[in-house]
Amino acid sequence: MHSQSVALYLLIVACEVAFWLILLLSLVVRYLLRREKASRWLLWSLPAVDALLFTAATLDLKSGTPATTAHGLAAAYVGFTLAFGSLAVRWADAHFAHRFAAGAVPAKAPSTGWKAVRYEFELWLRCIVAWVIALVLLTGLIAFIGDDAITRPLRAWYAIGAGSTALWFVFGPVWSLVFFRREAR
């Protein structure tokens with residue numbers, strides 16, 4: 001494994017940690033310090049973490065480093081944080097508000113009935129959006145680098161995207177339909 005790949009993996013982990021730390025800080029600022037505007041600014045800075053990661057991956061490839069799994073994972077990370085980030089923010093906000101600001105008890109994800117099936121379909125659609133974003137980023141990255149010898153390994157991510165979307169469909173919406181549990185009356 002190249003040392004640059006290790007650095008990129010570490011940056012991916014650092015970006016994930018930064019996401020949660022910025023989110024936590026924004027909730028502290030909002031609920032404990034009562035600075036709504038500052039909290040919103042912190043939340044709006046979350047995409048900058050994604051931009052930093054993707055820029056680092058791009059610059060690494062542009063310097064001539066052959067593509068590795070880390071470069072594809074960086075694009076997938078950006079796609080998934082953009083598609084699922086708002087859910088994570090809403091989840092954390094509801095739990096933080098309940099714990100520290102006398103907010104309502106957060107609603108749990110539905111686990112029975114047609115509401116559960118619909119919820120699983122909604123998550124699967126977010127998965128599709130995440131992969132569309134990731135694959136558009138990868139396609140743009142491949143075109144920008146313009147050297148097939150460097151970027152050839154990134155093409156495997158198209159199959160990874162299709163495969164994981166299919167698996168999510170089977171173990172999400174289809175699973176909830178096959179093992180359908182009626183709501184209690």
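What counts and what doesn't
- Residues numbered from 1 in each chain as written.
- Predicted model: local features only at pLDDT ≥ 70, side-chain atom pairs only at ≥ 80, totals over all residues.
- Heavy atoms only, no water.
- Axes fitted to C-alpha atoms, helices over the stretch in contact; angles between N-to-C directions.
- Helix = DSSP H or I, 4+ residues; strand = E, 2+ residues; numbered from the N terminus.
- Parallel < 35°, antiparallel > 145°, perpendicular 65-115°, else oblique.
- Contact = heavy atoms within 4.5 Å.
- Nonpolar A, V, L, I, M, F, W, Y, C, P; charged D, E, K, R; others polar.
- Core = buried A, V, L, I, M, F, W, Y, C linked by side-chain atoms within 4.5 Å.
- Buried < 20%, exposed > 50% of the residue type's maximum accessible area, 1.4 Å probe, protein only.
- Salt bridge = Lys/Arg side-chain N within 4 Å of Asp/Glu carboxyl O.
- Patch = residues over 30% accessible without salt bridge, like charges linked within 9 Å, V, L, I, M, F, W, Y side chains within 5 Å.
- Areas by Shrake-Rupley, 256 points an atom, 1.4 Å probe, with all protein chains shown as cover.

(A) Broad picture of the packing of helix α1 (residues 3-32) against helix α3 (residues 46-62). Put simply, α1 and α3 touch, their axes get as near as 9 Å, and they point 175 degrees apart. Classified by the angle their axes make, α1 and α3 are roughly antiparallel. Contacts from Q4, L8, L11, I12, C15, A18, F19, I22 and L23 in α1 reach L46, V49, L52, L53, A56, A57 and D60 in α3. The residue makeup of the contact of α1 with α3, split by class, is 14 nonpolar, one polar and one charged.

(B) A look at the nonpolar core. Ranked by size, the top nonpolar core spans 40 residues in total, and within it F19, L53, L61, W131 and L154 carry the most contacts. Listing elements by their share of this core, those giving two or more residues are α1, α3, α4 (69-100) and α5 (113-145). The greatest single-element share of this core, amounting to 13 residues, is contributed by α4. Excluding its chain neighbours within four sequence positions, the residues that come into contact with L61 are P66, A67, H71, L141, I145, I150 and L154.

(C) Here's a closer look at the pattern of salt bridges. Under the counting rule described, the total for this entry stands at six salt bridges. Here R155 and D148 are joined by a salt bridge, their closest N and O atoms 3.3 Å apart. Judged by its relative accessible area of 40%, R155 falls in the partly exposed class. The network of salt bridges with shared partners includes R30, E36, R40 and D93.

(D) Highlighting a nonpolar patch on the surface. On the surface, L167, V170, F171, W175, V178 and F179 cluster together into a nonpolar patch covering about 640 Å² of accessible area. Taking relative accessible area as the criterion, V178 reaches 57% and is therefore assigned exposed.

(E) A look at the side chain of H71. In this fold, H71 is placed in helix α4. Residue class for H71 comes out buried when judged on its relative accessible area of 0%.

(F) The environment of V105, seen in detail. Within the element layout of this structure, V105 appears in the loop between α4 and α5. Residue classification places V105 among the exposed residues on the basis of a relative accessible area of 66%. Separated by 96 residues in sequence, V105 and Y9 place their C-alpha atoms 37 Å apart.

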